[in-house]
Amino acid sequence: MSSQPAPVTGSTSSSDLPVTSPLAAHPAQPISSTSTTTTATEGQDAEGRQSTAAAPRSSELAGWKMKLKAALRHFPDFPIKGIDFVDIMPLFLDPSVHETLVAALDLQIRELYSENAPDVIVGLDARGFLFGPGLALRRGVSFAPVRKKGKLPGPCVTAEYQKEYGVDLFQMQNDAIKPGQKVLIVDDIIATGGSAKAAADLVKQLGGEIMGFLFILEIPGLNGREKLESIQTTILLEDA
Ligand SMILES: O=P(O)(O)OC[C@H]1O[C@H](OP(=O)(O)OP(=O)(O)O)[C@H](O)[C@@H]1O
Ligand SMILES: Nc1ncnc2[nH]cnc12
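Under an unreviewed UniProt entry, the name given to the protein is adenine phosphoribosyltransferase, and the organism recorded is Sodiomyces alkalinus. For the protein, the Catalytic activity (unreviewed entry) comment in UniProt is given as "AMP + diphosphate = 5-phospho-alpha-D-ribose 1-diphosphate + adenine".

This is how it looks when you write it as structure tokens:
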């Protein structure tokens, strides 16, 4: 029998789901990392000014974020006393919510980086693996995993990190990133920022150019972003 307290849930009833599918609204269009076209970015005119067509996309993203936030659950005192554990697993239970998550992350990346798209999405063990590969596939770019030490075969780079509840070692395979590739690091949550900082250390060891970090949400009060210094950090649900 579970001794866990009942989670605090948001509203996740299927009646909250929009009629239109995010994928139907914005079908997957892989962005070629080698594209040399100089046409205006979506939502911008030839001079780079934001066109009125961008507004519906941003308001649509705001609606998607509210839907995603409503699906999260909180478990007090898990895995140890004093931790307010945010459970992201319901994001993947309902395919409509899952689809909205990947579409929202994709749209957020488009809005952040326009045509200067990342070549590689790096995802962190283990929850970054739940959506990183799908996001990379949707965008038509590589996915490269950061794994806990001892799980990856062959030559690897290693970085140590301190978490909200422990110390650990991360690794990447030496050929996961080619020198000069533009990398976006994704994970579900930033808490202390230790995991993300170690992932950035690994990407730098491999010669990758870090464009930024993208998280679904942030645990407040831990100042995780300070560890990431000047690297652009985006929290999808920050303003949801
Ligand atoms: O900002 P930080 O303090 O580093 O914490 C954030 C990290 O902690 C969690 O992973 P965890 O290490 O619990 O592993 P898991 O994904 O395998 O559950 C979470 O998924 C992030 O990766
Ligand atoms: N409070 C928290 N909830 C869920 N995952 C976490 N990872 C680190 N801190 C966390």
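### Focus on the overall build of the protein
For the protein, the helix and strand inventory stands at 7 helices and 10 strands. In the protein, which comprises 240 residues, the proportion classed as buried is 42%. Taking as baseline every contact in the protein between residues at least 6 positions apart, the subset at least 24 positions apart corresponds to 65%. As presented, the protein carries roughly 12,200 Å² of accessible surface, and 54% of it is formed by carbon and sulfur atoms.

### Describing the pairing of strand E9 (residues 209-218)
Counting buried positions along E9 gives 8 out of 10 residues, so the element sits mostly inside the fold. Bridge count for strand E8 (residues 182-190) against E9 is 8 bridges, and the pairing is parallel. Note that in E9 the partner of Lys 182 across the bridge is Glu 209. In this view, the connection linking E8 to its parallel neighbour E9 by way of helix H6 (residues 194-205) has right-handed handedness. Of the pairings in the sheet, the one linking E9 to strand E10 (residues 233-235) comprises 3 bridges and is parallel in character. Counterpart to Phe 215 in the pairing with E10 is Ile 235.

### Section: the pattern of salt bridges
Summed over the entire model, instances satisfying the criterion amount to 10 salt bridges. Ionic pairing is found between Arg 110 and Asp 106, a salt bridge with its closest N-O pair at 3.3 Å. In this pair, Arg 110 and Asp 106 are both assigned in helix H4 (residues 95-113), 4 residues apart and thus about one turn of the helix distant. Judged by its relative accessible area of 13%, Arg 110 falls in the buried class.

### What to know about unusual backbone geometry
Residues Phe 78 and Pro 79 are joined by a peptide bond in cis, for which omega reads 0°. One can find Pro 79 in the loop between strand E2 (73-76) and strand E3 (84-87). For the peptide bond that leads from Asp 125 to Ala 126, omega is -5°, which places it in the cis range. With respect to the secondary-structure elements, Ala 126 resides in the loop between strand E4 (120-124) and helix H5 (132-139). Despite not being glycine, Ser 114 has its phi angle at roughly 40°, a positive value. On the accessibility criterion, Ser 114 (24% relative accessible area) is partly exposed. At Glu 229, a position not held by glycine, the phi torsion is positive, near 50°. One can find Glu 229 in the loop between helix H7 (224-227) and E10.

### Section: the environment of Pro 133
Along the chain, the position of Pro 133 falls in helix H5. Relative accessible area serves as the criterion here: at 32%, Pro 133 is assigned to the partly exposed category. On a C-alpha basis, the gap between Pro 133 and Asp 201 in space is 21 Å, while along the polypeptide they are 68 residues apart. What Pro 133 contacts, discounting residues up to four positions off in sequence, is Gly 128 and Phe 143.

### Quick notes on the site of ligand 1
Neighbouring ligand 1 are 16 residues; Asp 187, Asp 188, Thr 192, Gly 193 and Ser 195 lie closest to it. Between Arg 127 and ligand 1, the recorded distance is 3.0 Å, taken from a side-chain N or O atom to an oxygen atom. The fraction of the free accessible surface of ligand 1 (500 Å²) that becomes covered by protein chains is 88%. In terms of residue count, the dominant contributor to the shell around ligand 1 is E8 (4 residues). For the shell around ligand 1, the per-class residue count stands at 5 nonpolar, 4 polar and 7 charged.

Reading guide: rules and limits
Residues numbered from 1 in each chain as written. Chains lettered and ligands numbered in written order. Predicted model: local features only at pLDDT ≥ 70, side-chain atom pairs only at ≥ 80, totals over all residues. Heavy atoms only, no water. UniProt positions renumbered as here; feature names shortened; annotations may be inferred. Helix = DSSP H or I, 4+ residues; strand = E, 2+ residues; numbered from the N terminus. Buried < 20%, exposed > 50% of the residue type's maximum accessible area, 1.4 Å probe, protein only. Contact = heavy atoms within 4.5 Å. Areas by Shrake-Rupley, 256 points an atom, 1.4 Å probe, with all protein chains shown as cover. Pairing = 2+ DSSP bridges. Right-handed = clockwise from strand over helix to strand, strands pointing away. Salt bridge = Lys/Arg side-chain N within 4 Å of Asp/Glu carboxyl O. Near = heavy atom within 4 Å. Polar contact = N/O pair within 3.5 Å; in protein donor to acceptor, adjacent residues only side chain to side chain. Nonpolar A, V, L, I, M, F, W, Y, C, P; charged D, E, K, R; others polar.

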